[in-house]
Amino acid sequence: MEKVIEALERTEIKIRSFSLLVNQVRGWFAFAKILFLCLVILGTIGTAHAANYYVDANVGNDNNPGTIDAPWKTISKLNKSYSFQPGDLILLQRGQTWNEMLTVSSSGEPGNPIIYGAYGDGPKPMIDVQGKYDKCFYSIRSYITVKDIECKNSTTDALSFSQTGGIFGISVINVDVEFDMPGVGLNGVAFEKGGGDIYLSGVTVTNAPNNGIVFSGDSVNKLGNVVVEDCFVSGTGANDGYTVHEGATDAETAGSNFTFRNNYAEYCAEQGFDITTGNNILLTGNETRYNSQGGVLVAHSAYDVTIEDHKSYDEPTLQTGAAIGIHSPNVKLLNSIVEGNGYHLLVIAQDSDLQVGNIEITNNTFGWDGGSSVFDMSGKTGTVTVMNNIFSTAQNSFFNNKAIRFLDAERPADYSGFLFDYNTYYSPDGAMNFLENLSDGNSKNFSFSNFQKEFGQEQNGKILNSSYTTPVPSAPVPSAPVPSAPVPSAPVP
């Protein structure tokens, strides 16, 4: 009888333990369900605020909720520290004008920017501050896209992106900038104080008093990872079309990875492209024309720069500089056309912060009818390789001994670091004359044959006969900015 009672007691204990286990499992499931619901709610909260906001200068009212049926009226409404969320769209009515500066109040996040753009039909919405504000569009916030608007007549930079510590994830797409009031303005689009992941496409800048598009160096934060494509700059008043710009001190430099692709620059006061800092820089498929001091300058602290498929016409228009000026190390000029009546077509010179050398000039066509020389080598440069190019002129005797000039007595034509070969030369009378400066202060002229025999250059080079015609026709001037590329989903790395 005692054994039976013990067995029953053990069974009761097991039943109670099982019941307790079941209750615990039920509790775990209940907790998991609550946790799941919380995560869903939090996820919903994280995206619930992504919305569209509309601004209409004619029929809007700042007391409205900012919907398409009840839009806001002023840009001031946008500037009043309104807490926009990543993914929000703030849209200005096309065909309307605001005379207020737009100040970005909130940051987006990587892959989910806050977007300022346009809605409706008609021309782009215009922010014309009429010389009353220093900026048209100003942001110290990151992960911002601005597209499809026009900005005019700021007293300094029309679009300005600047934040201590750097600004990141900025896209400027299909934006037009113009200065048509006297005495106002500075740069069209300006980036300062470092940052990265910057993308510009389809931007036009007309009559900027200083630079068209400028990326400034910084002593602490190094701007990098920048892509600029399909942009158009015309008529800068004091400086350049596009510039990666070294600051007032040698420490104010840029970082790496800049790409300028399929852009155009004309009538700039200095160069179309001024690259004076940064490294790993690619200029590809760009065109420059009629710029006062040349198409491209690479100088100061810039290095590791490739210029390819470039077209330069009739520049520099002043008696200074060169269509292509190389004053930095590790520079390549490839597959390009440089043509016209500029002062020089190409200059390689040692006058920068770094030792100039490792220069490659390959597969280019130079067609010249200018006023000084086709190609100057100046200063105590390092290695320079010039191969498989065409040098042509409409002038007899290649303009009196100025086809290629070696201007430093310590870098004569037979300097061990220079290699000229497989190049083709043409002038109407078949004469090809060169020049080098001597250590006694005099200069020496020599023929193509001397260049081969006495200096050991151009062992496989040749002069074309007089039946040959100049290989570079003048290209048509673009009648409008290059069409812009489609908007990418994220900045190009």
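Residues numbered from 1 in each chain as written. Predicted model: local features only at pLDDT ≥ 70, side-chain atom pairs only at ≥ 80, totals over all residues. Heavy atoms only, no water.

Caption draft 1: A look at the overall build of the chain. The helix and strand inventory of the chain stands at 4 helices and 42 strands. Counting only residues that meet the buried cut, the chain has 50% of its 493 residues in that class. For the chain, restricting intrachain contacts to residue pairs at least 6 apart in sequence, the fraction spanning at least 24 positions comes to 73%. (Helix = DSSP H or I, 4+ residues; strand = E, 2+ residues; numbered from the N terminus. Buried < 20%, exposed > 50% of the residue type's maximum accessible area, 1.4 Å probe, protein only. Contact = heavy atoms within 4.5 Å.)

Caption draft 2: Quick look at the pairing of strand β41 (residues 443-447). The pairing of strand β40 (residues 433-437) with β41 spans 5 bridges and is antiparallel. Within the sheet, the bridge partner assigned to Asn433 lies in β41 and is Ser447. Linking β40 to β41, which pair antiparallel, is a turn of 5 residues; within it Gly441 sits at a positive phi near 95°. (Pairing = 2+ DSSP bridges.)

Caption draft 3: Fine view of the packing of aromatic side chains. Using the criterion set out here, one finds 29 aromatic pairs in the structure. Both rings, one in Tyr53 and one in Trp72, keep their centres 5.4 Å apart while their planes meet at 10°; by these two values the pair is stacked. Taken together, the residues Tyr53 in strand β1 (residues 52-55) and Trp72 in the loop between β1 and α2 (75-79) connect sequence positions 19 residues apart. Note on accessibility: Tyr53 and Trp72 belong to one class, buried. Across the ring face of Tyr138, the terminal group of Lys135 is positioned such that the distance to the ring centre comes to 5.3 Å. (Phe/Tyr/Trp six-rings, centres within 6.5 Å; stacked < 30°, edge-to-face > 60°. Lys NZ or Arg CZ within 6 Å of the ring centre and 35° of its normal.)

Caption draft 4: Region of interest: the nonpolar core. By size, the foremost hydrophobic cluster in this structure holds 95 residues, and its most contacted members are Leu159, Leu200 and Phe215. Among all residues touching Leu200, those that are not within four sequence positions of it are Val172, Val189, Phe191, Ile213, Phe215, Val227, Val228, Glu229 and Cys231. (Core = buried A, V, L, I, M, F, W, Y, C linked by side-chain atoms within 4.5 Å.)

Caption draft 5: Local environment of the side chain of Thr204. Considering the arrangement of structural elements, one finds Thr204 in strand β15 (residues 204-206). Residue Thr204 is classed as buried on the basis of its relative accessible area, which comes to 11%. A polar contact of 2.7 Å, which involves the side chain of Thr204, links it to the side chain of Asp176. (Polar contact = N/O pair within 3.5 Å; in protein donor to acceptor, adjacent residues only side chain to side chain.)

Caption draft 6: Expanded view of the state of the cysteines. A full pass over the atoms with the stated rule returns 0 disulfides. Its sulfur unpaired, Cys151 is 4.7 Å from the next cysteine sulfur, which belongs to Cys136. (Disulfide = S-S within 2.5 Å.)

Caption draft 7: Region of the structure containing unusual backbone geometry. Glu315 connects to Pro316 through a cis peptide bond whose omega is 0°. Within the element layout of this structure, Pro316 appears in the loop between β27 (311-313) and β28 (324-326). Unlike most non-glycine residues, Asn153 shows phi in positive territory, near 65°. Looking at the secondary structure, you find Asn153 in the loop between β9 (150-152) and β10 (159-162).

Caption draft 8: The side chain of Ser142, seen in detail. By the element assignment, Ser142 lies in the loop between β7 (137-139) and β8 (144-147). Take Ser142: its relative accessible area is 12%, and that puts it in the buried class. Within the structure, the side chain of Ser142 is placed 3.0 Å from the backbone nitrogen of Phe168, a separation counted as a polar contact.

Caption draft 9: Focus on the environment of Lys80. For Lys80, the location among the structural elements is in the loop between α2 and β2 (89-93). Taking C-alpha positions, Lys80 is 9.6 Å from Val104, a pair spaced 24 residues apart along the chain.

Caption draft 10: Seen up close, the environment of Ser234. Take Ser234: it is sitting in strand β18 (residues 232-234). The buried category is assigned to Ser234, whose relative accessible area is 13%. The sequence separation of Ser234 and Val205 amounts to 29 residues, and the corresponding C-alpha distance is 6.4 Å. In this view, Ser234 contacts Val205, Thr206, Asn207, Glu266 and Tyr267; residues no more than four positions away in its chain are not counted.

Caption draft 11: Structural view of the pattern of salt bridges. One pass over the structure, following the stated rule, counts 9 salt bridges. Of the charged contacts in the structure, one is a salt bridge between Glu229 and Arg261, with a shortest N-O distance of 2.6 Å. Residue Glu229 is found in strand β17 (residues 224-229), and its partner Arg261 is found in strand β20 (residues 256-261); the two are separated by 32 residues along the sequence. Since its relative accessible area comes to 10%, Glu229 is described here as buried. Where Lys380 meets Asp408, a salt bridge forms, and the shortest distance between an N and an O atom there is 3.5 Å. One end of the pair, Lys380, is in the loop between β34 (373-378) and β35 (384-387); the other, Asp408, is in the loop between β37 (404-406) and β38 (418-421), with 28 residues separating them in the sequence. What makes Lys380 partly exposed here is its relative accessible area of 37%. A network of salt bridges, in which partner residues are shared, links Lys380, Asp408 and Glu410. (Salt bridge = Lys/Arg side-chain N within 4 Å of Asp/Glu carboxyl O.)

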